[in-house]
Amino acid sequence: MAAENRSPVAEEKTSRSQTEGTGVTGVLRDRCPQVQVVGGPQVQVGQVSSVAHRRLKYASLAVLVVQNASLILSIRYVRTLPGDRFFTTSAVVMAEILKVLTCVVIILLQKRLNVKDTVYFLVDSIVFQYKDTLKLAVPSLIYTLQNNLQYVAISNLPAATFQVTYQLKILTTALFSVMMLRKTLSRVQWISLLLLFAGVAVVQVEQEGKKKEEVSSSVEGSTQNYTVGLLAVVVSCLSSGFAGVYFEKILKGSSASVWMRNVQLGVFGMALGMLGLWWSDGAAVTEHGFLFGYTGAVWCVIFNQAFGGLLVAVVVKYADNILKGFATSFSIVVSTVVSVYLFGFHVDLLFTAGAGLVIGAVYMYSLPKAAASSSPSATSSSSSASLASPRTDEGAEMEAFLPKAQGGGAYPPAVLVTD
């Protein structure tokens, strides 16, 4: 009898609960149409489609390719122009200054433009937590050395040759990861490292064979030294591999944001960069000035070096390892093609074979490891757990730039909720 006397309002509520679910699921469906809910009577497809995700991946690919290729080509361009040459040591310091200022502005935005809280946060993170800051002294020293060596290498090597040879950093990073972090590599990755080394060796043999001819016929041959450039890029690859692995080792479990880490690195980078400037070009800088030789093209290089890495750090969250490997490979092709038209670089069969081996090795190394031992049920449960888990620190870094919900939190692009 009670069921027959139910009011229309009660019937409507019952019908709605049956079709839309109860509790937090129904609320999420009402307030968050982009949320996909699994486990209720119905499954509603999220509004964020796979098309939008693909567009983000393609945009990330474009950014990675442009940044990888443009930095090397632009440095090569400004270092081969006639006229007064800028001090590369001052360019490294200026890039660190711009990087630190950019990260401070981002932290200020995360603090909702509260200058007082931002200053307290910076002082606490850098000064009072000095032990945590001092951990970054070693990688900062290596990164400063690496940035200076890149200028030396690109000033003495063709852009395409540098781009191919610089992929040795994959080999050094892998070896340091195995030795320092006890990581394991798959058989495909070991084969790709061998192909990478072989490809770089083929390119160096090709370059060595025509080095004398190019030096004798080139107008600027007297100012370039292929051996110096090769040594610089090899040391840069070694330092890059060690610094990256060391950075990962000492910061495991750290809760500091990537922007705060860049500020801490930049503080040491500026100090060490100024020391290197004084040691290498102190007298010349005193005579001509810190900004001697700076042109519009030089400023473009500095901005690219300062902001390019930060931009990649933002877009890399949308790119998987395969996409990053493809971007690196494609940037080698872009650098080679542009070098042919811009610098008169000659591509022969031997260089093509070596570069092809390197491109294939980079792509092979970025392939995911085969999970032969994992069962389908384990795979599905692990993927569901990873989707349902809280956001990582990497996603939290961009929280200040995401649209806010009514409760103050930031919606991720897609959420999976189970009843």
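Residues numbered from 1 in each chain as written. Predicted model: local features only at pLDDT ≥ 70, side-chain atom pairs only at ≥ 80, totals over all residues. Heavy atoms only, no water.

When we look at a pair of aromatic rings, we describe it by the centre distance and by the angle of the planes. Under the defined criterion, the tally for this structure stands at 11 aromatic pairs. With a centroid separation of 5.8 Å and an interplanar angle of 35°, the aromatic rings of F87 and F292 are classed as tilted. Within this pair, whereas F87 is found in the loop between helix 3 (50–79) and helix 4 (88–110), its partner F292 is found in the loop between helix 12 (258–288) and helix 13 (296–315), the two being separated by 205 residues in sequence. You can call F292 partly exposed: its relative accessible area is 22%. Between the aromatic rings of F345 and F351, the centroid separation amounts to 5.1 Å while the plane-to-plane angle is 70°, which identifies the pairing as edge-to-face. Through a chain of ring-to-ring contacts, three or more aromatic side chains come together here, namely F86, Y151, Y294, W299, F303 and F307. Looking at R79, its charged tip hangs above the ring of F86, at a distance of 5.2 Å from the centre. Just above the ring of F121 sits the side chain of K111; from NZ or CZ to the centre is 4.4 Å. (Phe/Tyr/Trp six-rings, centres within 6.5 Å; stacked < 30°, edge-to-face > 60°. Helix = DSSP H or I, 4+ residues; strand = E, 2+ residues; numbered from the N terminus. Buried < 20%, exposed > 50% of the residue type's maximum accessible area, 1.4 Å probe, protein only. Lys NZ or Arg CZ within 6 Å of the ring centre and 35° of its normal.)

In this section: helix 11 (residues 226–250). Taking 1.5 Å of rise per residue, 25 residues should cover 36 Å, and helix 11 covers 36 Å from first to last C-alpha, within 8% of that figure. When we look at burial in helix 11, the residues that qualify are Y226, G229, A232, V233, S236, C237, S239, S240, G241, A243, V245 and I250. The opening residue of helix 11 is N225, an N-cap whose side-chain oxygen sits 3.1 Å from the backbone nitrogen of T227. (Expected span 1.5 Å × (residues − 1). Polar contact = N/O pair within 3.5 Å; in protein donor to acceptor, adjacent residues only side chain to side chain.)

In the contact formed by helix 5 (residues 115–128) and helix 12, the axes pass within 11 Å of each other and the chain directions differ by 60°. Considering their axes alone, helix 5 and helix 12 lie oblique with respect to each other. Crossing handedness for the pair helix 5 and helix 12: right-handed. In this structure, helix 5 uses F121, L122, S125 and I126 to contact helix 12, whose residues at the interface are M260, V263, Q264 and V267. The class makeup of the residues in the contact of helix 5 with helix 12 is six nonpolar, two polar and no charged. (Axes fitted to C-alpha atoms, helices over the stretch in contact; angles between N-to-C directions. Parallel < 35°, antiparallel > 145°, perpendicular 65-115°, else oblique. Left-handed = near helix turned anticlockwise from the far one by under 90°. Contact = heavy atoms within 4.5 Å. Nonpolar A, V, L, I, M, F, W, Y, C, P; charged D, E, K, R; others polar.)

This part is about the nonpolar core. Core analysis: the biggest nonpolar cluster contains 47 residues, and F162 and I302 have the highest contact counts within it. Per element, the largest residue contribution to this core is six residues, and it comes from helix 3. (Core = buried A, V, L, I, M, F, W, Y, C linked by side-chain atoms within 4.5 Å.)

Right, let's get into the pattern of salt bridges. By the definition in use, this model includes two salt bridges. Residue E96 pairs with K99 through a salt bridge whose shortest N-O separation is 4.0 Å. Of this pair, E96 and K99 both sit in helix 4, three residues apart, roughly one helical turn. Judged by its relative accessible area of 18%, K99 falls in the buried class. (Salt bridge = Lys/Arg side-chain N within 4 Å of Asp/Glu carboxyl O.)

Moving on to the environment of A95. Of note, A95 is situated in helix 4. Here A95 falls in the buried class, since its relative accessible area comes to 4%. Here the alpha-carbon distance between A95 and F307, two residues 212 residues apart in the chain, equals 8.4 Å. The residues contacting A95, other than those within four sequence positions of it, are I302, Q305 and A306.

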